[in-house]
Amino acid sequence: MHEEYNTIVKKIESLKRFGNRSGREVTERLLPKLGNPDRGMKMIHIAGTNGKGSVAMYIASALEANGYKTGLFTSPHLITIRERIQVNRQLISEEDFTRLSEQVLSIGMPDEYAPTFFDICLAIALLYFKEQDCDYVVLETGLGGRLDSTRGISEIPKVGVITAIGLDHTAILGDTLEKIAAEKAGIIRKGMPLVVAHNPDSVRKVIEEKADIYLDVDEYEGDRQSLITAVRNRKLTPPLAGDFQYDNEAAALATLALCGAKLSRKKVLEGIKTVKWPARIQKLRDHPLFIVDGSHNPQGVRALADTLKKTYPRKKFVFLMAAMADKDVSHMISETRTLADSYICVKADTPRSLDANRLADLVRSEGAKATPASSLSEALSLASNLRKPVVAFGSLYLAGEILTISSKGQTGSKT
């Protein structure tokens, strides 16, 4: 079965990243051919630029702790494609992934509506969640909202969430926060309650104008004893590192309050405390310090830098960096430059990644010291020889490669 699984994964991963039609249009045509597995599901739909995964995990963990069988669909994956599809935080098995992949791939679709990699993963997830008879399904968008594959579901979610909006995928979603917010707000449906995390006023205004039932976490004035209030007042500490996690946890708690589940305050807290989310300011080693973070846009990198300044005052870091060619690299460098001893630049294992020498040139153009590495192995060796605190960032592909090496015990890491 392992060989069959590897073969089907390679086949799916070879599919186009973008199709001739939007993901929404493809999903709207594909799911009926699969018997509309989304029908009747209690869904929570999450969009945003940063924080989607953390919010999704907080919600799913709290529901699970309260006895609800919970499906979780997130992206991207770091080590295995099966990370994208979980029930009660257990990855879909290789056998089930293979079987359901074959079912989805056997569906005849016109070339114009040929499913992409993401479309296929979503369809597999919904079939699996239906088979598993999940009580709730937490669904994270891939890109945007209005035209995203997850927007093609026919079932109206119990509640929607929009997390922090930042400048990312600007060529597709728009070049201002307000334009991007309008695309993300495309998940809104008539009568669907919407929770909005901490965002600038201009973003909140765009979203508020589109929602019928709206809960802004920044303006929440509910029960003083509520968990949302406790998090906003910093009386509850999130399990994941970074000040921005207070905003993410508050958004998750507000969503839980609106989703219709019967929840115990104690069990919600117990569930959230168990949350672990890889490559979110994740410490792999203490001596010398080695942190891996998946931040890959200016807002995410700024949050990383703020956390490093607060947690490790006056420290300088060696930044092990990769970046995709379509990312705002100059802003990523400017956010970290004052914290940098130097940069080690590497190409991530994807055609979209910048060449290490080109990235090093960009770093130097910002006035910082940079060394290109021909491979991740060389980059890790260079970093190790410096015997200084290391922070790997700039690409989820890079984070995944490092975590794969770490899981094999090749970095001396403590995960």
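Residues numbered from 1 in each chain as written. Predicted model: local features only at pLDDT ≥ 70, side-chain atom pairs only at ≥ 80, totals over all residues. Heavy atoms only, no water.

**A few points about the overall build of the protein**
For clarity, the cut-off: The helix count covers DSSP runs of H or I at least four residues long, the strand count covers runs of E at least two residues long, and both are numbered beginning at the N terminus. We call a residue buried when its accessible area falls under 20% of the maximum for its residue type, exposed when it is over 50%, and partly exposed in between, using a 1.4 Å probe and counting protein chains only. Here, two residues are considered to be in contact whenever any of their heavy atoms come within 4.5 Å of each other. Here the Shrake-Rupley method, with its probe set to 1.4 Å, supplies the accessible areas, and only the displayed protein chains count as covering residues. Here Asp and Glu are counted as negative and Lys and Arg as positive; His is not counted, and neither are the chain ends. A charge is said to be at NZ when it belongs to Lys, at CZ for Arg, at CG for Asp and at CD for Glu.
Secondary structure assignment for the protein yields 16 helices and 14 strands. Along the first, second and third principal axes, the C-alpha atoms of the protein reach 55 × 55 × 40 Å. The 415 residues of the protein split such that 56% are buried. When contacts within the protein are restricted to residue pairs at least 6 apart in sequence, long-range pairs at least 24 apart make up 73% of them. Counting only carbon and sulfur atoms, one obtains 47% of the accessible surface of the protein, whose full area is about 18200 Å². Averaging the positions of the 57 positive and the 51 negative side-chain charges in the protein gives two centres separated by 4 Å.

**Thoughts on the pairing of strand β8 (residues 213–216)**
Inclusion rule: Two strands pair under a simple rule: DSSP has to find at least two bridges between them. We call a crossover right-handed when, viewed with both strands directed away from the observer, the connection leading from the first strand over the helix to the second proceeds clockwise.
In the sheet, strand β7 (residues 193–196) pairs with β8 via 4 bridges, with the strands oriented parallel. Along β8, the bridge assignment pairs Val196 with Asp216. As a crossover connection, the stretch from β7 through helix α8 (residues 201–208) into β8 is right-handed.

**Overview of the environment of Gly48**
Its location among the elements puts Gly48 in the loop between β1 (43–47) and α3 (52–65). According to the relative accessible area criterion, Gly48 is buried, its value standing at 0%. As for Gly48 and Ala185, which are separated by 137 residues in sequence, their C-alpha atoms are 8.7 Å apart. Other than its neighbours up to four places away in sequence, Gly48 contacts Thr141, Thr163, Ala164, Ile165 and Lys184.

**As for the sheet that holds strand β11 (residues 317–321)**
How we decide: A fitted line through C-alpha atoms serves as each axis, taken over the contacting stretch for helices, and the angle formed by two N-to-C directions is quoted from 0 to 180°.
With mixed pairing, 6 strands are arranged side by side in an open sheet as β9-β10-β14-β11-β12-β13. Edge positions in the open sheet fall to β9 (282–286) and β13 (370–372), since each of these has one partner strand only. The sheet shows a mean angle of 20° between the axes of neighbouring strands, taken without regard to direction. Summarising the sheet, β11 and strand β14 (residues 390–393) pair through 4 bridges and their orientation is parallel. When the bridges of β14 are listed, Phe319 appears paired with Val391. Its contacts with the sheet put helix α12 (residues 298–311) on β10 (289–292), β11 and β14, and the angle it makes with β14 is roughly 165°.

**Here's the deal with the environment of Val26**
Along the chain, Val26 falls in helix α2 (residues 23–33). For the pair Val26 and Thr116, spaced 90 residues apart in sequence, the C-alpha separation works out to 8.8 Å.

**Some remarks on α12**
We count it as follows: Here the expected length of a helix is defined as 1.5 Å per residue gap, with one fewer gap than residues.
Counted at 1.5 Å a residue, the expected span for α12 with its 14 residues is 20 Å, and the 20 Å between its end C-alpha atoms agrees. For α12, the complete set of buried residues consists of Pro298, Gly300, Val301, Ala303, Leu304, Ala305, Thr307 and Leu308. Where α12 is buried, its residues touch α10 (244–258), β10, β11, α13 (329–336) and β14.

**Regarding the nonpolar core**
Here is the rule we go by: We define a nonpolar core as any set of buried Ala, Val, Leu, Ile, Met, Phe, Trp, Tyr and Cys residues linked to one another through side-chain atoms lying within 4.5 Å.
The biggest cluster of nonpolar side chains holds 39 residues, and the ones touching the most others in it are Ile44, Ile46, Ile59, Leu63, Val138, Val195 and Leu253. Where this core is concerned, the elements lending two or more residues are β1, α3, β5 (136–140), β6 (159–162), α9 (227–232), α10 and α11 (265–273). It is α3 that provides the largest number of residues to this core, a total of 8 residues. In this view, Ile59 contacts Ile44, Ile46, Val138, Ala252, Thr255 and Leu256; residues no more than four positions away in its chain are not counted. Counting 36 residues, the second largest nonpolar core, distinct from the first, contains Leu122, Ile124, Leu126 and Val137.

**A look at the packing of aromatic side chains**
Put simply, the test is: In this scheme Phe, Tyr and Trp rings, the latter by its six-membered ring, pair at centre separations within 6.5 Å, and the angle between planes marks the pair as stacked below 30 degrees, edge-to-face above 60, and tilted otherwise. Geometrically, a lysine NZ or arginine CZ counts as sitting over a ring once it is within 6 Å of the ring centre and also within 35 degrees of the ring normal.
Throughout the structure, instances matching the rule amount to 8 aromatic pairs. With centroids separated by 5.9 Å and ring planes inclined at 75°, the aromatic side chains of Tyr5 and Phe97 adopt a geometry described as edge-to-face. Separated by 92 residues along the polypeptide, Tyr5 in helix α1 (residues 2–13) and Phe97 in helix α4 (residues 94–105) bring together distant segments of the chain. We classify Tyr5 as buried; its relative accessible area is 6%. A centroid spacing of 6.1 Å and a plane angle of 50° characterise the contact between Phe317 and Phe319, whose relative ring orientation is tilted. In this structure, Phe317 and Phe319 share a single accessibility class: buried. Across from the ring centre of Tyr246, 4.0 Å away, lies the NZ or CZ of Arg234, which sits over that ring.

**Section: the sheet that holds β7**
Taken together, the 8 strands give an open sheet; going across it, the order is β4-β3-β2-β5-β1-β6-β7-β8, and neighbouring strands pair in mixed fashion. Only two strands of the sheet have a single neighbouring strand rather than two, namely β4 (90–91) and β8. Docked against the sheet, α10 engages β1, β6, β7 and β8, running at close to 165° with respect to β7.

**So, the pattern of salt bridges**
Spelled out, the test is: Should a side-chain nitrogen of Lys or Arg be within 4 Å of a carboxyl oxygen of Asp or Glu, the pair is scored as a salt bridge.
Summed over all chains, the structure comprises 17 salt bridges. Here Glu183 ties to Arg146 by a salt bridge, and the two come within 3.1 Å at their closest N and O atoms. Highlighted residues: Glu183 in helix α7 (residues 177–184) and Arg146 in the loop between β5 and β6, separated in sequence by 37 residues. On the basis of relative accessibility, which here comes to 17%, the residue Glu183 falls in the buried class. Among the salt bridges present, the one from Arg204 reaches Asp218, with a minimum N-O distance of 3.6 Å. Within this pair, whereas Arg204 is found in helix α8, its partner Asp218 is found in the loop between β8 and α9, the two being separated by 14 residues in sequence. Taken together, the shared-partner salt bridges connect Asp201, Arg204, Asp216, Asp218 and Glu219 into one network.

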